[in-house]
Structures are given as C-alpha cells and as structure tokens.
Amino acid sequence: MFEARPSFLQPASAGDYRELARRRLPRQFFDYLDGGAYDEATMRNNVEDFRRVLLRQRVLRDISHINLKTEVLGQKLAMPVILGPVGLAGMFAPRGEVQAAQAAERAGVPFCESTVSICSLEEVRANTSAPFWYQLYVMRDRGYARELLQRAHAAGCPVLVFTVDLAVVGARYRDVRNGMTGISSPFGKLAKAWDFISHPGWSLSMAMRGKPLVFGNLVKAMPEAQSLPAFRAWVNAQFDPAVTWNDLAWLRENWPGKIVVKGILDPDDARTAASLGFDGVVVSNHGGRQLDGVPSSISALPPIVDAVGDRVEVLVDGGVRSGLDVVKALALGARACIIGRAWAYALAGAGGAGVAHVLQIMRKEMEVAMALTACTDLNEINQDILTSALPATGMKDAASAGIHGVAGSRVDYAEISK
Ligand code: FNR
C-alpha cells in the first residue's frame with residue numbers, strides 16, 4: 001500500500017514531477033493525465049522532436065542581463081509560457097485549478113481554465129487577482145455555450161481559447177482499460193476501490209479538501225452527469241461534430257475579447273483562421289490525445305508561422321517539458337508556448353507549490369539556453385540560434401531534403417517540414 005520514496009531528494013525537472021505524479025495519483029487519473037490516443041506515437045514524437053532541434057552555442061558575449069518579458073495577445077507576461085487548459089485538473093489535487101492559477105499569477109504568466117474543469121470560473125476568479133484565460137469547446141447547446149462565455153467575460157478573462165480538434169474524441173486506450181469510460185463488473189469496481197485505497201495521500205487530501213467530481217462550469221448543463229462515465233456520455237452527446245468555420249462568426253459575436261483557435265496543424269487551416277479575423281492560433285495536436293499519426297507540434301510549427309506569422313500570433317503546445325523547448329519553439333517562430341502535462345504533473349505531484357517550482361525551473365532553463373546562445377532578449381531569438389538538426393520524426397528525411405548534419409550550417413526547418 002505504501003510506495004517507495006522517489007529516488008531523488010527533490011524534483012529538478014518536469015520529468016521528476018511526472019514521477020511524483022505517478023506515485024501519488026490513482027492509476028486511473030495518472031493514465032488519464034499521462035496518456036495519449038491510440039499507440040501514443042504522436043504524443044511521444046511531440047517530446048522527441050524537440051530533442052532533434054539543436055541549439056547553436058555561442059560564448060564570450062555579455063549575457064549578464066537576460067530579459068524574458070514579453071507581450072502575448074495584449075497581455076504582459078513575465079516569460080513566454082502559458083498554463084494551458086487541462087480538463088479535470090481538480091482531480092489531480094484539491095481545488096487544483098485554483099492552486100495552478102495562483103502559481104501562474106505568482107510567476108506572472110496566464111492560466112487558462114478548461115471547459116471541463118472542476119473549479120468553476122467564479123471560484124478561480126475569487127481566489128486570484130490576475131486575469132486568466134478561458135477555453136471553450138464547441139457544444140451543441142449554444143445557449144449554454146453563450147452563458148459560459150458571459151461568465152468568462154464577467155470573470156474578466158481577456159482571451160478565449162477556442163479548441164477545435166475535439167469535434168470527435170480520439171481513442172485513448174489507457175482510459176478504456178482503467179475504467180475511465182465506464183466499468184460495470186464487480187471485479188472492476190473492487191480494482192478501482194483498491195486503486196484509491198493504495199494511494200492514501202491523494203485519497204485523504206481529496207476527501208478532506210476536494211469536492212470530487214463536480215464539474216464547476218457544467219453543473220447546470222449536466223446536473224445528472226457528475227461521474228466520469230456520465231461525463232463521457234455528456235461529452236459525446238454535446239461536442240458538436242457538425243461545426244464548421246461558418247459557425248465561428250457566432251463566436252465572434254458572443255465574445256468581445258481576443259480569440260485564439262487551438263488545434264491547428266495545417267497552414268491552410270491557419271490561413272482560414274487568420275482571414276476570419278481571429279487573433280491567434282495554437283499549433284497543437286492536443287498533446288497527442290486526439291489523432292495519432294499526425295506530425296509533432298514542433299515540426300508543424302514552421303510552415304504555419306510562414307503562412308500566418310505576420311498576421312496573427314502563433315502559439316504552440318505539445319511536448320514542451322523545459323525552458324530549452326520554449327527557446328527552440330521561439331526560434332522556430334512561436335510567440336509563446338502553452339504547457340499542459342508539465343504543469344499538471346507538478347500539480348499532481350506537489351500541489352500549487354509544485355506548479356510554482358516547475359515554472360521557476362523552466363524560467364531558469366530559458367535563461368541558461370538564452371545565455372549560451374548569446375541572446376539577452378526574446379526578440380533576439382530566431383533561427384540563427386539553431387544549428388543543423390537530425391531529421392525529426394514527422395519531418396521529411398533531412399538527407400533527402402538536401403540537408404546534412406554539418407555543424408554550424410543553418411537548417412531551413414520550414415523546408416524540411418513541408
Ligand atoms: C488536455 N488538453 C486539453 N485541451 C483543451 O483545449 N481542453 C481541455 O480540457 C484539455 N484537457 C486536457 C487534459 C489533459 C489531462 C491533458 C494532458 C491535456 C490539451 C492541452 O491543452 C494541451 O494541448 C496539451 O496538454 C499539450 O501537450 P503537453 O504539453 O501535455 O505535451
């Protein structure tokens with residue numbers, strides 16, 4: 001029942017927080033957080049392709065002052081990182097969304113609340129003072145969607161993240177195996193109970209401080225659906241596969257603030273979003289949780305920056321686990337990175353203090369990456385700080401694209417990823 005202590009005295013990276021999360025969370029919730037769709041190839045490539053982008057080290061420049069401040073969608077940020085929408089975060093730690101939003105506020109970066117959060121918009125608002133963002137899925141019940149938009153506006157959210165890659169739900173095998181999608185056999189119920197009993201730290205803290213499984217923003221929409229299988233059924237019934245670009249005019253009419261479209265992987269879709277007047281796009285494959293076999297986010301980024309980078313702000317998420325990854329994404333044209341699992345692992349492993357720590361770690365890692373690529377300000381980061389890369393998964397083979405791993409040569413990432 002009691003698990004061995006982790007093999008480190010204190011966590012040093014987002015990966016260490018993943019290990020803490022694995023130990024603390026019941027298997028069902030860890031797999032929900034950690035897993036992806038189908039064989040999880042895209043999820044793995046999201047992380048691995050970052051490793052294939054190589055930084056060009058430069059030395060003996062004055063790097064005594066490094067400035068990470070930036071502006072994203074009209075908001076000043078202490079560094080180019082945003083805590084992205086993660087559904088059910090309030091199941092990873094008691095009042096999880098509030099704890100994460102407070103940590104984000106302390107770090108000077110935005111927190112984005114998911115449609116399917118545990119804490120309501122009003123609870124996050126009441127416990128923070130910085131503006132936070134809101135994420136919306138397309139629902140059949142437009143009346144309820146409008147009500148959510150009004151609540152988000154009343155809570156002072158300046159940015160709406162409109163997620164478009166969940167019109168249908170990808171098959172997440174781990175969730176099926178663990179009974180997240182429903183379980184009926186007595187043996188399954190016993191196994192689930194044991195999963196909770198054998199993680200007493202999480203179970204006790206949730207029993208004492210959480211209000212498990214109330215979807216704060218959806219209570220009125222699905223009063224009968226405050227359990228995971230019922231929630232799944234509600235998602236399947238409510239998320240609207242018939243939505244097209246034409247419906248987005250409705251969104252513009254109902255949201256006075258900025259809107260970014262999240263879930264873009266193709267330059268043509270990015271062009272459409274830009275031409276419809278949206279303020280930004282998030283290059284994203286939903287952290288590899290939707291369609292397996294699509295390109296990693298970092299390999300999809302350069303052609304999208306080429307297509308719309310001069311018209312809208314291009315953000316990216318998927319596989320960002322360190323400040324080094326953030327610097328690489330900025331070098332390939334992103335305005336900022338959204339992180340998902342990196343903050344959620346930390347929340348699960350050590351609550352709000354963990355989220356604050358992971359943000360400090362990422363900040364430090366960005367400073368080091370900038371210092372050793374001789375950048376003192378974010379606007380000095382561009383492709384010049386990259387050197388030749390190994391061919392990345394999801395990218396065209398670099399050799400066949402005429403690119404060879406010669407140290408010091410520049411790589412046309414937009415070219416390889418076409
Ligand atoms: C997500 N993501 C997500 N996205 C969204 O728009 N609304 C949501 O409710 C959720 N929920 C969610 C739950 C969990 C457990 C995960 C891991 C992710 C996707 C998220 O915003 C982001 O796109 C990915 O997490 C980015 O990939 P990394 O950083 O997790 O690799």
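Further up the page is the structure itself.
Residues numbered from 1 in each chain as written. Predicted model: local features only at pLDDT ≥ 70, side-chain atom pairs only at ≥ 80, totals over all residues. Heavy atoms only, no water.

Chemist: Quick one: what's the story with the overall build of the chain, residue by residue and with numbers?
Modeler: For the chain, the helix and strand inventory stands at 16 helices and 12 strands. Here the chain holds 418 residues, and 56% of them are scored as buried. For the chain, the exposed surface amounts to about 17200 Å²; the carbon and sulfur share of it is 55%. (Helix = DSSP H or I, 4+ residues; strand = E, 2+ residues; numbered from the N terminus. Buried < 20%, exposed > 50% of the residue type's maximum accessible area, 1.4 Å probe, protein only. Areas by Shrake-Rupley, 256 points an atom, 1.4 Å probe, with all protein chains shown as cover.)

Chemist: I'd love a proper account of the site of the ligand, names of residues and values included.
Modeler: Around the ligand sit 21 residues in total, of which Pro85, Ser114, Tyr137, Thr163 and Asp317 are the nearest. One of the backbone N or O atoms of Pro85 is found 2.7 Å from an oxygen atom in the ligand. Mapped onto the shell around the ligand, the elements with two or more residues apiece are helix H2 (27-34) and strand S6 (133-137). For the shell around the ligand, the residue count by class is 6 nonpolar, 10 polar and 5 charged. (Near = heavy atom within 4 Å. Polar contact = N/O pair within 3.5 Å; in protein donor to acceptor, adjacent residues only side chain to side chain. Nonpolar A, V, L, I, M, F, W, Y, C, P; charged D, E, K, R; others polar.)

Chemist: Give a description of unusual backbone geometry that names residues and reports values.
Modeler: Apart from glycine, the bulk of residues carry a negative phi angle, and the bulk of peptide bonds sit in the trans form. One non-glycine residue, Glu40, lies in the positive phi region at around 65 degrees. Note on placement: Glu40 falls in the loop between H2 and helix H3 (41-52). Glu40 sits in the buried class, given a relative accessible area of 12%. One non-glycine residue, His286, lies in positive phi territory at about 65 degrees. Positionally, His286 belongs in the loop between strand S9 (280-283) and helix H13 (297-308). Residue classification places His286 among the buried residues on the basis of a relative accessible area of 11%.

Chemist: Quick rundown of the packing of aromatic side chains? Include the residues and the values.
Modeler: Any two aromatic rings considered together are summarised by their centre-to-centre distance and by the angle between their planes. Counted according to the given criterion, the structure contains 7 aromatic pairs. When the ring of Phe111 is compared with that of Trp343, the centres are 5.8 Å apart and the planes differ by 70 degrees; the resulting orientation is edge-to-face. In this pair, Phe111 sits in the loop between helix H4 (96-107) and strand S5 (112-113) while Trp343 sits in helix H15 (residues 341-371), placing the two residues 232 residues apart along the sequence. For the pair Phe111 and Trp343, one class covers both residues: buried. Look at Phe196 and Trp202: their rings are 5.2 Å apart centre to centre, the planes differ by 80 degrees, and that puts the pair in the edge-to-face class. By relative accessible area, Phe196 is classed as partly exposed at 30%. Here a set of aromatic residues connected by ring pairs shows up, and it is made of Phe29, Phe196 and Trp202. A cation over an aromatic ring shows up here: Arg142 above the ring of Trp250, its NZ or CZ 5.8 Å from the ring centre. In this structure, Arg289 is placed above the aromatic ring of Tyr32, and the distance from its NZ or CZ to the ring centre is 4.9 Å. (Phe/Tyr/Trp six-rings, centres within 6.5 Å; stacked < 30°, edge-to-face > 60°. Lys NZ or Arg CZ within 6 Å of the ring centre and 35° of its normal.)

Chemist: Tell me about the nonpolar core, and please be specific about residues and values.
Modeler: Soluble globular proteins tend to bury their nonpolar side chains together. Ranked by size, the top nonpolar core spans 115 residues in total, and within it Leu83, Phe92, Phe215, Leu218 and Trp343 carry the most contacts. No other element matches the 16 residues that H15 contributes to this core. Counting 13 residues, the second-largest nonpolar core is a separate cluster that includes Val260, Val282, Ala336 and Ile338. (Core = buried A, V, L, I, M, F, W, Y, C linked by side-chain atoms within 4.5 Å.)

Chemist: Run through the environment of Asn285, naming residues and quoting values.
Modeler: Checked against the element boundaries, Asn285 lands in the loop between S9 and H13. Put simply, Asn285 and Ala300 are 15 residues apart on the chain and 9.5 Å apart in space, counted from C-alpha to C-alpha. When residues no more than four places from it in sequence are discounted, the contact partners of Asn285 are Thr42, Asn46, Asp165, Leu265, Gln290, Val294, Pro295, Ser296, Ser297 and Asp317. (Contact = heavy atoms within 4.5 Å.)

Chemist: Residues and numbers for the layout of surface pockets, please.
Modeler: In this structure, the largest pocket encloses a volume near 580 Å³. Considering the residues around the largest pocket, the lining is formed by 29 residues, among which Val164, Asp165, Leu166, Ala167 and Gly263 are closest to the centre. (1 Å grid on protein atoms, 1.4 Å probe; cavity = no way out; pocket = protein on both sides within 12 Å on 5 of 7 lines; lining within 4 Å. Points joined across faces, edges and corners; volume = space filled by probe spheres on them.)

Chemist: Account for the packing of helix H12 (residues 267-275) against H13, with residues named and values stated.
Modeler: Orientation of H12 relative to H13, taken along the N-to-C sense of each, is 35 degrees, at an axis distance of 9 Å. Crossing hand, H12 versus H13: right-handed. Facing Pro267, Ala270, Arg271 and Ala274 of H12, the residues of H13 in contact are Pro303, Ile304, Ala307 and Val308. Looking at the contact of H12 with H13 residue by residue, the classes come out as 7 nonpolar, no polar and 1 charged. (Axes fitted to C-alpha atoms, helices over the stretch in contact; angles between N-to-C directions. Left-handed = near helix turned anticlockwise from the far one by under 90°.)

Chemist: An account of the pattern of salt bridges is requested, with residue identities and associated values reported.
Modeler: Tallied over the full model, the rule gives 19 salt bridges. Of the charged contacts, one joins Lys76 and Glu71 as a salt bridge, the two residues approaching to 3.3 Å between their closest N and O atoms. Judged by its relative accessible area of 36%, Glu71 falls in the partly exposed class. Asp240 serves as the salt-bridge partner of Arg142, at 3.0 Å between the closest nitrogen and oxygen. With a gap of 98 residues between them, Arg142 in helix H6 (residues 142-154) and Asp240 in the loop between helix H10 (228-238) and helix H11 (248-254) connect regions that are remote in the sequence. The partly exposed category is assigned to Arg142, whose relative accessible area is 22%. When salt bridges that share partners are traced, they join Arg18, Arg27, Asp31, Asp34, Glu40 and Arg174 into one network. (Salt bridge = Lys/Arg side-chain N within 4 Å of Asp/Glu carboxyl O.)

Chemist: Summarise the sheet that holds strand S10 (residues 313-317); cite the residues concerned and give the values.
Modeler: Ordered in space as S4-S11-S10-S9-S8-S7-S6-S5, the 8 strands form an open sheet in which the pairing is parallel. The open sheet has two edge strands, strand S4 (81-83) and S5, and neither has a second partner. Pairing geometry for strand S7 (residues 159-163) and strand S8 (residues 258-264), over 5 bridges, is parallel. If you follow Val161 over to S8, its bridge partner there is Val260. (Pairing = 2+ DSSP bridges.)

Chemist: Tell me about the pairing of strand S11 (residues 336-339), and please be specific about residues and values.
Modeler: Residues of S11 alternate between two faces, with Ala336 and Ile338 on one and Cys337 and Ile339 on the opposite face, all of them buried. Note: S4 against S11, 3 bridges, orientation parallel. The partner of Ile82 across the bridge, within S11, is Ile338. Relative to S11, S10 is paired through 3 bridges, and the arrangement is parallel.

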